[in-house]
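Each chain, written out:
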Amino acid sequence: MPSSAPRRTASVVLAAALGSTALLLTPTVSSAATGPGPMAAAPYEYLGWGSPQKPTDVMAATGVKWFTLAFVLSDGGCNPKWDGSRSLTGGSDEAAIKAIRAAGGDVVISVGGWSGNKLGEKCTSATALAGAYQKVINAYHLKALDIDIEDTEFSSATVRQRVVDALKIVKTKNPGIVTYVTMGTTPNGPDATGKDLIKRGAAAGLANDGWIIMPFDFGGHSGTMGQATVSALEGLKSAVKSAYGYSDDAAYRHSGVSSMNGITDEPGETVTTGDFKTVLAYANQHHLARFTFWAVNRDRPCGSGTDADACSGIAQSPYAFTKIVVQYQG
């Protein structure tokens, strides 16, 4: 178990509320299906802690077919492992993926997150980083890969460029694979660092399928969190359109959202099911590349003393947020 939260989490705020606290390998990937379909709605689940639910139980309860499983990190060098410590295959993570697939679903695997050693930093060249990504792709014959670029990975221009260049190699070596790049945002869209990342992608000729923002932990916003999310997505669309020269429609289709349910890390910032419905309507209107959230682990009410990464901190029925997200099909 990691010593700190795996991503931006609501531990501090919710605890107060509760009164507690490489070498490129031969690609083996299959081509992705035409259009995002159920892949566009693949909520994050973190199997490393937070009393994770069995993915197949979530599937049965909600109808969701895809999950984004987090996180693959560096083992201290340029080698990918679950949480930086568990082998890619041969353990409980592989067993969960096999169960999801046996039940008719599939997975996106997310590399990065807020905490831990990042492959983008530990791999010292784009070729080596692409090789690390390829190991993950090959291990599970992936159709989709998510790079959740946060904290020190995000803030380094060198690493941002390395990630872009590595993903371009991955796209070349794995025809049809879907790639997402997920990052933080302001209520008005990506900040200067986020815009720089998108511009680097465009300049490199990276045909990234989805530039995804995480519209929470704003440190202040106007209106509801749903309205703030729409505002952030409009800013993202403009940044993607400007960098790539896309039409509005194409820019929307290359933009996406990864929200957070319930109480976030910011005091007074709460994302409700009503906010998710606002985002769902917007996603349907503009055919976004992705509508997901962090995390299935938190998609349930809290009990006394419950870990903040295992519940939302608000009154809700189990899987209320997943049941909204699963309605999105791209």
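Presented here is a report on the structure given in the accompanying data block. Please read these numbers as outputs of a predicted model, since none were measured by experiment.

1. Description of the side chain of serine 255
Line of reasoning, step 1. Checked against the element boundaries, serine 255 lands in strand β8 (residues 255-260).
Line of reasoning, step 2. The exposure class assigned to serine 255 is buried, which follows from its relative accessible area of 1%.
Line of reasoning, step 3. When neighbours within four sequence positions are excluded, serine 255 is seen to be in contact with Trp211, Ile212, Leu236, Lys237, Val240, Leu288, Ala289 and Arg290.

2. Structural notes on the pattern of salt bridges
Line of reasoning, step 1. On inspection of all chains with the given rule, the structure shows 11 salt bridges.
Line of reasoning, step 2. Of the charged contacts in the structure, one is a salt bridge between aspartate 83 and arginine 86, with a shortest N-O distance of 2.8 Å.
Line of reasoning, step 3. The partner of aspartate 248 in a salt bridge is lysine 237, and the shortest N-O contact between them spans 3.1 Å. Residue aspartate 248 is found in helix α10 (residues 248-253), and its partner lysine 237 is found in helix α9 (residues 225-244); the two are separated by 11 residues along the sequence.
Line of reasoning, step 4. Judged by its relative accessible area of 9%, lysine 237 falls in the buried class.

3. Here we look at the packing of helix α5 (residues 126-140) against helix α7 (residues 157-173)
Line of reasoning, step 1. Closest axis-to-axis distance for the α5/α7 pair is 8 Å, and the angle between their directions is 50°. The angle between α5 and α7 places the two elements in the oblique class. Between α5 and α7 lies a crossing of right-handed hand. Counted together, Ala126, Thr127, Leu129, Ala130, Tyr133, Gln134 and Ile137 of α5 and Arg162, Val163, Asp165, Ala166, Leu167, Ile169, Val170 and Lys173 of α7 form the full contact between these two elements.
Line of reasoning, step 2. A class-by-class count of the residues in the contact of α5 with α7 yields 10 nonpolar, 2 polar and 3 charged.

4. Details of unusual backbone geometry
Line of reasoning, step 1. The step from alanine 70 to phenylalanine 71 runs through a cis peptide bond, and the omega angle for that step is -10°.
Line of reasoning, step 2. Looking at the secondary structure, you find phenylalanine 71 in strand β2 (residues 66-74).
Line of reasoning, step 3. Note that the residue after tryptophan 294, namely alanine 295, is joined by a cis bond; omega there is 5°.
Line of reasoning, step 4. Phi at histidine 141 takes a positive value of approximately 50°, unusual for a residue other than glycine.
Line of reasoning, step 5. Among the structural elements, histidine 141 can be located in the loop between α5 and β5 (144-149).
Line of reasoning, step 6. Although it is not a glycine, histidine 287 sits at a positive phi angle of roughly 55°.
Line of reasoning, step 7. Among the secondary structure elements, histidine 287 is positioned in the loop between α11 (273-286) and β11 (290-294).

5. Here's the deal with α11
Line of reasoning, step 1. With 14 residues, α11 should cover 20 Å at 1.5 Å per step; its first-to-last C-alpha distance of 20 Å lies within 8% of that length.
Line of reasoning, step 2. All buried positions along α11 are accounted for by Asp275, Phe276, Val279, Leu280, Tyr282, Ala283 and His286. For α11, the buried positions fall inside an angular range of 170° around the axis, keeping them on one side. Structural note: α11 exposes Lys277 and Gln285 on the side pointing more than 90 degrees away from its buried face.
Line of reasoning, step 3. Contacts from the buried residues of α11 go to α9, α10, β8, β10 (270-271), β11 and α12 (320-325).
Line of reasoning, step 4. The backbone nitrogen of glycine 274 has a side-chain oxygen 3.2 Å away, supplied by the residue at the start of α11, namely threonine 272.
Line of reasoning, step 5. The positive-phi residue at the C-terminal boundary of α11 is histidine 287, with phi of around 55°.

About the criteria used
Throughout, a residue's number is its position along its own chain's written sequence, starting from 1. For this predicted model, a pLDDT threshold of at least 70 governs which residues receive local features, and a threshold of 80 or more governs which side-chain atom pairs are given and counted, while totals over whole chains, interfaces and linings are taken from all residues. As a convention, hydrogens and water are excluded, and side-chain values are obtained from all of the structure's heavy atoms. For the purposes of this entry, the term helix denotes a DSSP run of H or I that reaches at least four residues, the term strand denotes a run of E that reaches at least two, and both are numbered from the N terminus. Each residue's exposure class comes from its accessible area (1.4 Å probe, protein chains only) as a fraction of the maximum for that residue type: buried when under 20%, exposed when over 50%, partly exposed otherwise. The criterion used for residue contact is that any of the two residues' heavy atoms lie within 4.5 Å. What makes a salt bridge here is a side-chain nitrogen of Lys or Arg within 4 Å of a carboxyl oxygen of Asp or Glu, nothing more. What counts as an axis is a line fitted to C-alpha atoms, over the stretch in contact for a helix, and the angles between N-to-C directions run from 0 to 180 degrees. If an angle is under 35 degrees, it is roughly parallel; if it is over 145, roughly antiparallel; if it lies from 65 to 115, roughly perpendicular; otherwise it is oblique. Crossing handedness is read from the near helix: turned anticlockwise from the far helix by less than a right angle, it gives a left-handed crossing, and turned clockwise, a right-handed one. When residues are grouped by polarity, Ala, Val, Leu, Ile, Met, Phe, Trp, Tyr, Cys and Pro land in nonpolar, Asp, Glu, Lys and Arg in charged, and all others, Gly among them, in polar. Expected span, for any helix, means 1.5 Å times one less than how many residues it has. Note that the arc is computed from the directions linking the helix axis to the C-beta atoms. N or O atoms closer than or at 3.5 Å make up a polar contact, with two conditions inside protein: a donor-capable atom paired with an acceptor-capable one, and, for residues adjacent in sequence, both atoms drawn from side chains.

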